[in-house]
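Summary of the model geometry
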Number of protein chains: 2
Amino acid sequence: MLRSCTAGLRSLWALRGRREGAARLSADLQPARRLFSTEKAVHKDWALPNPSWSKDLKLLFDQFMKKCEDGSWERLPSCKHTCTYKSEDFKTYFLDPQLVEGEGLSQAQLFTRGFEDGLGFEYVIFNNNDEKRTVCLFQGGPYLQGIPGFLHGGAIATMIDVAFGSCAAISGGAVMTANLNINFKRPVPLCSVVVIHSQLDKLEGRKLFVSCNVRSVDEKTLYSEATGLFIKLDPKKSST
Amino acid sequence: MLRSCTAGLRSLWALRGRREGAARLSADLQPARRLFSTEKAVHKDWALPNPSWSKDLKLLFDQFMKKCEDGSWERLPSCKHTCTYKSEDFKTYFLDPQLVEGEGLSQAQLFTRGFEDGLGFEYVIFNNNDEKRTVCLFQGGPYLQGIPGFLHGGAIATMIDVAFGSCAAISGGAVMTANLNINFKRPVPLCSVVVIHSQLDKLEGRKLFVSCNVRSVDEKTLYSEATGLFIKLDPKKSST
């Protein structure tokens, strides 16, 4: 729903700052950094190979790392934040967010990084800033099952949301999902690897329109297609 | 993506059979039962209160259990299947399902029931057969976090898919998600309870059109609205 990983966002903002100059970095990033600040953060980067990664996933990862060498692509790091969230700034984005302060929140983990290696979402996202697109390599583990033998549609929707969020954040900074429209063409076999190609199609004021397709590693099988609408959060609101 | 819990489906099919007569039951259920058969099944019903349920969730649960007394509503049981799936029948629904047979599959768990009590998806679905609608009571735990303090959009999409699937299955039996279109209006606070009201809007051949809204317990806050298209799986295909 919201591009939520501090490390990933910082990487994107740092990239924008490098390319767009220090003035832009300063104007956009101060509120966003406060917005996503946490008291306790786990800084391990989870978007790197681990022993659960299949041969397909490792091979694709290596191919994209190769593409990163000339700077046209960049791998986005990914954290599993286990923060106790206290940011007052975030509340200003919503009229009545009813933030829950309790025991449960202290156990909070990013949904897509809360599983043990290989059991849930194994993924890495690569970003091409010039082409305004991302590629997400995703291996869905056995704890993401829907119908036996296949991924749950909600797990696919989740990864599409994450991939879209990364794509929109390239141009939008801190963004929030307003709409997800997903066509499920074929079920995705459990434990297989799929590739989610996302593209920023249009930018209208604070609205970012994105689209994606979910394909097999050999690109022959189209599993899903989707469009998304993201809203750039207004930094002015967070500084009030 | 696919209404996947054996126990839940059996309950729905049994309900249909009871109301529509034994002939219909026999014609519809034989393929479906083969489709969802598992070698090893865990039969515990997870759609019942546990110590992690909040006061709000327990209160709503009690209210709907009261509504079940006259038979107008029915609570749908829910299982966490840990099966090693061997059904050949399911393959006939897809041209090339590429079922993965490996170590990973033996660990398979239903996505929405794979978390420890209170950490992930806590939910129960009630069905009103005459009105073709369902109500899903959902408490999203700390492992479903997106932006700190709020549920991940993918977790909401997942529960909408599950709620839709149950609603479509009332009339459709074994169904599969073809489209999900979700408007996210406001972020859902982590560990809070929301109510997903789903409705079957239209039935056209094998197509089932559903819609829902996601609201706070007091119904004052609208978090999301969505529509869905489900396809009834053709029993003839599974019997070839």
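Residues numbered from 1 in each chain as written. Chains lettered and ligands numbered in written order. Predicted model: local features only at pLDDT ≥ 70, side-chain atom pairs only at ≥ 80, totals over all residues. Heavy atoms only, no water.

Quick look at the overall build of chain A
This is how the line gets drawn: Helix numbering and strand numbering both begin at the N terminus, where a helix is a DSSP run of H or I of at least 4 residues and a strand a DSSP run of E of at least 2. Buried, partly exposed and exposed residues are distinguished by accessible area as a fraction of the type maximum, computed with a 1.4 Å probe on protein chains only: under 20%, between the cut-offs, and over 50%, respectively. When checking whether two residues touch, look at their non-hydrogen atoms; a contact exists if any pair is within 4.5 Å. Here the accessible surface of atoms and residues is derived via Shrake-Rupley with a 1.4 Å probe, and residues count as covered only by protein chains that are part of the display.
In terms of helices and strands, chain A carries six helices and seven strands. In sequence order, the secondary structure elements of chain A are arranged as α-α-α-β-α-β-β-α-β-β-β-β-α. Burial statistics for chain A: of 240 residues in total, 60% are counted as buried. A separation threshold of at least 6 residues defines the contact pool for chain A, and within that pool the share at least 24 residues apart is 70%. As presented, chain A carries roughly 9,300 Å² of accessible surface, and 50% of it is formed by carbon and sulfur atoms.

Structural notes on the UniProt feature "domain: Thioesterase" (unreviewed entry) in chain A
Quick note on the threshold: UniProt positions are given in the numbering used here, feature names are shortened, and annotations may be inferred rather than shown by experiment.
Within this structure's numbering, the places UniProt gives as "domain: Thioesterase" (unreviewed entry) are residues 149-221 of chain A. A helix fraction of 27% and a strand fraction of 44% characterise residues 149-221 of chain A, whose end C-alpha atoms lie 17 Å from each other.

Considerations on the environment of Lys-66 of chain B
Along the chain, Lys-66 of chain B falls in helix α3 (residues 55-68). Sequence-wise, Lys-66 of chain B and Phe-209 of chain B are 143 residues apart; in three dimensions their C-alpha atoms are separated by 29 Å.

What about the pattern of salt bridges?
Residues and elements named next belong to chain A. Which entries qualify depends on this criterion: Take a side-chain nitrogen of Lys or Arg and a carboxyl oxygen of Asp or Glu: if they are within 4 Å of each other, that pair is a salt bridge.
This model, assessed by the stated rule, comprises eight salt bridges over all chains. Where Glu-131 meets Arg-133, a salt bridge forms, and the shortest distance between an N and an O atom there is 2.6 Å. We classify Glu-131 as partly exposed; its relative accessible area is 42%. Take Arg-133: its relative accessible area is 24%, and that puts it in the partly exposed class. A salt bridge links Glu-204 to Lys-202; the nearest nitrogen and oxygen atoms lie 3.4 Å apart.

Here we look at helix α5 (residues 153-172) of chain A
In an α-helix there are 3.6 residues to a turn, and that puts residues three or four apart on one side. In plain terms, the rule: The span expected for a helix works out to 1.5 Å for each residue beyond the first.
Over its 20 residues, α5 of chain A runs 27 Å from end to end, which matches the ideal 28 Å to within 8%, given 1.5 Å per residue. Count one or two residues on from α5 of chain A and you reach Gly-173 of chain A, which has phi positive near 70°.

Remarks on the packing of α5 of chain A against helix α5 (residues 153-172) of chain B
Put simply, the test is: Angles shown run from 0 to 180 degrees and are taken between the N-to-C directions of axes, each axis being a line fitted to C-alpha atoms and, for helices, limited to the stretch in contact. Working definition: roughly parallel below 35 degrees, roughly antiparallel above 145 degrees, roughly perpendicular at 65 to 115 degrees, and oblique for all remaining angles. Two helices cross in a left-handed way if the nearer one is turned anticlockwise from the farther one by less than a right angle. They cross in a right-handed way if the turn is clockwise.
At a minimum axis separation of 8 Å, α5 of chain A and α5 of chain B run at an interaxial angle of 150°. As the angle between them shows, α5 of chain A and α5 of chain B are arranged roughly antiparallel. Between α5 of chain A and α5 of chain B lies a crossing whose hand is right-handed. Each of Gly-153, Gly-154, Ala-155, Ala-157, Thr-158 and Asp-161 of chain A in α5 of chain A lies in contact with α5 of chain B, whose residues at this interface are Gly-153, Gly-154, Ala-155, Ala-157, Thr-158 and Asp-161 of chain B.

Comments concerning the packing of aromatic side chains
The description of two aromatic rings rests on the distance between their centres and on the angle between their planes. Note the cut-off: Aromatic pairing here means that ring centres of Phe, Tyr or Trp (its six-membered ring) are within 6.5 Å. Orientation follows from the plane angle: under 30 degrees is stacked, over 60 is edge-to-face, and everything else is tilted. For a lysine, the NZ atom is tested; for an arginine, the CZ atom; a charge sits over a ring if that atom is within 6 Å of the ring centre and within 35 degrees of the ring normal.
The final tally for this structure, using the stated rule, is 20 aromatic pairs over all chains. With a centroid separation of 5.8 Å and an interplanar angle of 65°, the aromatic rings of Phe-115 of chain A and Phe-121 of chain A are classed as edge-to-face. Accessibility expressed as a relative area gives 12% for Phe-115 of chain A, which makes it buried. Of the residues examined, Phe-121 of chain A reaches a relative accessible area of 3% and is grouped as buried. Ring pairs connect the aromatic residues Phe-111, Phe-115, Phe-121 and Phe-138 of chain A together with Phe-111, Phe-115, Phe-121 and Phe-138 of chain B, which therefore count as one cluster. The ring of Phe-209 of chain A carries the charged tip of Lys-202 of chain A above its face, separated from the ring centre by 4.8 Å. Note that Arg-113 of chain B overlies the ring of Tyr-123 of chain B, its terminal NZ or CZ placed 3.6 Å from the centroid.

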